Amino acid sequence: MEETNGAAKTPDEPHKDFIAVGIGASAGGIGALKEFFAAMDPNSGMAFVVILHLSPKHDSSLAAILQKETSMPVHQVTGTAKVRPNEVYVIPPNKQLAMLDGSIGVTEASTTRGVRVSIDLFFRTLASAYGRNGVCVVLSGTGTDGTVGLKHVKESNGFAIVQDPGDAEYVTRRLEEELRRTKDRLRTTIEQHETSIEELKASNEELQAINEELRSASEELKTSKEELQSVNDELTTVNHELKDKIEEVSRTNSDLQNLMSSTDIGTIFLDKRLRIKRFTPSVQELFNLITTDIGRPLEHLTHKLEYTKLSDDAETVLRTLTPIQREVRDTVDRTYLLRMLPYRTIDDKIEGVVVTFIDITDRKAAEEILQERSDEISRFNSAMVGRETRMIELKSEINDLLEKSGLEHRYLVEFDADEEGSDDAPE
């Protein structure tokens, strides 16, 4: 037997408190396995996993064969099982075994370029799961299977033991001095494991010393209690001042809320990421907004406007800090004056965008009628057609429309005394 060993280091999984031994062999290694388990102490405190190149076409009696040589329980793995010390686990035909978090499981068999790799694959998972508490034994006759996995065990600071090909069963030279050496190596591993336990005990003593230091620090913290109490008194005073400020802000917020509820101007407040911060009730006539929409992006909301550049314009205002004003229509042919302004805080910081919608449908209609009347006057004047009475009526109508729009009269209308009572006089 030839033995290789990696450098010792702290195990990756300290909760594993026993050694797991993986043994890889060809079908001709059964005799060596029988001698190995016949000579192995059944109370060694180690778990054993046997990976044998079995025929995929026949059932295996390996578990029964090995059970005759040892008093340790021997299991053929058929599913997922918890690995326990002083027990033996053997591979079933046409399957692979893998270690994971202290358990062993079965997977479908595979080959690499037509070569069996079941030993390599198991040794890799053994190294990952048990670290320095992993031991691999490679018996002759396995070919290259086991070589790569052995390196993983070494890199994880475990033990790797390889049989000398000259001692193989198939050349009739038999695997007792090697068994003794194997037991010696395993015993050495146990001793190293015990050494690790001693190191952990030393670490525990260091932790106790640190605990004493923490106690001293606790005493120092107690001496700072009076200073903290003084600071707490100051914080209480500040807290009262903050409470007054909060009440003032609350009143201001109530005023703002009432203002928003009472105004007919639809308003949406957006943050820097164009998400809804606040909105007035009147804007719900245009947008499908509810309270839970606060925080949603503007572009996710549906609306009744024939206006596809709402989000683009908001981004432009936020980027350029230049207000935008547009006239937009909704799906029921009402007209709104849309205004977008940067949202500025009291200290002049830009925190988003304010979007307002003012219903100018009536004003727009009045403007259109006014334009129609003005056009009609222009046509009458251009064609030199029109009667003074009609002109007076048109001017009166325009003045009435201007008055309804809150503007001053554009025309001075005068009536002759003789015509004031006639049927053609404007009312």
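Everything numeric here is computed off the predicted structure, so don't read it as measured data.

### Focus on a negative patch on the surface
Taken together, the side chains of Glu 241, Asp 244, Glu 247 and Glu 248 present a region of like negative charge at the surface. Mapped onto the fold, Asp 244 is located in helix H6 (residues 225-262).

### Brief notes about the nonpolar core
Counting 52 residues, the largest nonpolar core has Val 21, Ile 23, Phe 37, Phe 48, Met 99, Ile 104 and Phe 122 as its most contacted members. Excluding residues that lie within four positions of it along the chain, Met 99 makes contacts with Ala 20, Val 49, Val 83, Ile 104, Phe 122, Thr 125, Leu 126, Ala 129 and Tyr 130.

### Remarks on helix H7 (residues 310-320)
Listed in full, the buried residues belonging to H7 are Leu 310, Ser 311, Asp 313, Ala 314 and Val 317. All buried residues of H7 lie within an arc of 165° about the axis, which places them on one face of the element. Where H7 is buried, its residues meet strand S13 (266-270), strand S15 (324-329), strand S16 (335-344) and strand S17 (350-359). With its phi angle positive at about 60°, Leu 321 sits one or two positions after the end of H7.

### A closer look at the packing of aromatic side chains
Here the structure, examined in full by the defined rule, presents seven aromatic pairs. Each ring, one from Phe 36 and one from Phe 37, has its centre 5.1 Å from the other, and the planes form 85°; the classification is edge-to-face. Of the residues examined, Phe 36 reaches a relative accessible area of 8% and is grouped as buried. Among the aromatic residues, those joined into a ring-pair cluster are Phe 36, Phe 37 and Phe 48. Positioned above the aromatic ring of Tyr 343, the side-chain terminus of Lys 277 is 4.3 Å from the ring centre. Its end group placed over the ring of Phe 269, Arg 278 keeps NZ or CZ at 5.9 Å from the ring centre.

### Focus on the pairing of S17
Counting buried positions along S17 gives seven out of ten residues, so the element sits mostly inside the fold. Examined bridge by bridge, S13 and S17 share five bridges and lie antiparallel to one another. The partner of Thr 267 across the bridge, within S17, is Thr 356. Here nine bridges tie S16 to S17, and the two strands are oriented antiparallel to one another. The partner of Leu 341 across the bridge, within S17, is Val 354. Hairpin connection between S16 and S17: a loop of five residues separates the two successive antiparallel strands, and Asp 348 in this loop has a positive phi of roughly 65°.

### Quick look at the confidence of the model for the protein chain
Of all residues in the protein chain, 85% have pLDDT values of 70 or greater, and the mean over the chain is 82. The weakest mean pLDDT in the protein chain belongs to strand S1 (residues 2-5) at 35; the strongest belongs to strand S6 (residues 88-90) at 97. For residues 169-173, every residue scores under 50 in pLDDT, and the model assigns this stretch twelve contacts once sequence neighbours within four places are set aside. Per-residue pLDDT stays below 50 along residues 417-427; that stretch engages in nine contacts with residues further than four places along the chain or on separate chains.

### Overview of the pattern of salt bridges
Evaluated as defined, the whole model comprises 16 salt bridges. Across the salt bridge formed by Arg 344 and Asp 348, the nearest N and O atoms sit 3.2 Å from each other. Between Arg 373 and Glu 397 there is a salt bridge, and its shortest N-O distance comes to 2.8 Å. Taken together, the residues Arg 373 in helix H8 (residues 361-382) and Glu 397 in helix H9 (residues 388-404) connect sequence positions 24 residues apart. For Arg 373, a relative accessible area of 23% puts it in the partly exposed group. Among the residues examined, Glu 397 registers a relative accessible area of 30% and is labelled partly exposed. Each of Arg 180, Asp 184 and Arg 187 takes part in a single network of salt bridges with overlapping partners.

Reading the values: the criteria
- Residues numbered from 1 in each chain as written.
- Predicted model: local features only at pLDDT ≥ 70, side-chain atom pairs only at ≥ 80, totals over all residues.
- Heavy atoms only, no water.
- Patch = residues over 30% accessible without salt bridge, like charges linked within 9 Å, V, L, I, M, F, W, Y side chains within 5 Å.
- Areas by Shrake-Rupley, 256 points an atom, 1.4 Å probe, with all protein chains shown as cover.
- Salt bridge = Lys/Arg side-chain N within 4 Å of Asp/Glu carboxyl O.
- Lys, Arg positive; Asp, Glu negative; His and termini not counted.
- Charge placed at Lys NZ, Arg CZ, Asp CG, Glu CD.
- Helix = DSSP H or I, 4+ residues; strand = E, 2+ residues; numbered from the N terminus.
- Core = buried A, V, L, I, M, F, W, Y, C linked by side-chain atoms within 4.5 Å.
- Buried < 20%, exposed > 50% of the residue type's maximum accessible area, 1.4 Å probe, protein only.
- Contact = heavy atoms within 4.5 Å.
- Arc of directions from axis to C-beta.
- Phe/Tyr/Trp six-rings, centres within 6.5 Å; stacked < 30°, edge-to-face > 60°.
- Lys NZ or Arg CZ within 6 Å of the ring centre and 35° of its normal.
- Pairing = 2+ DSSP bridges.
- pLDDT = per-residue confidence, 0-100.

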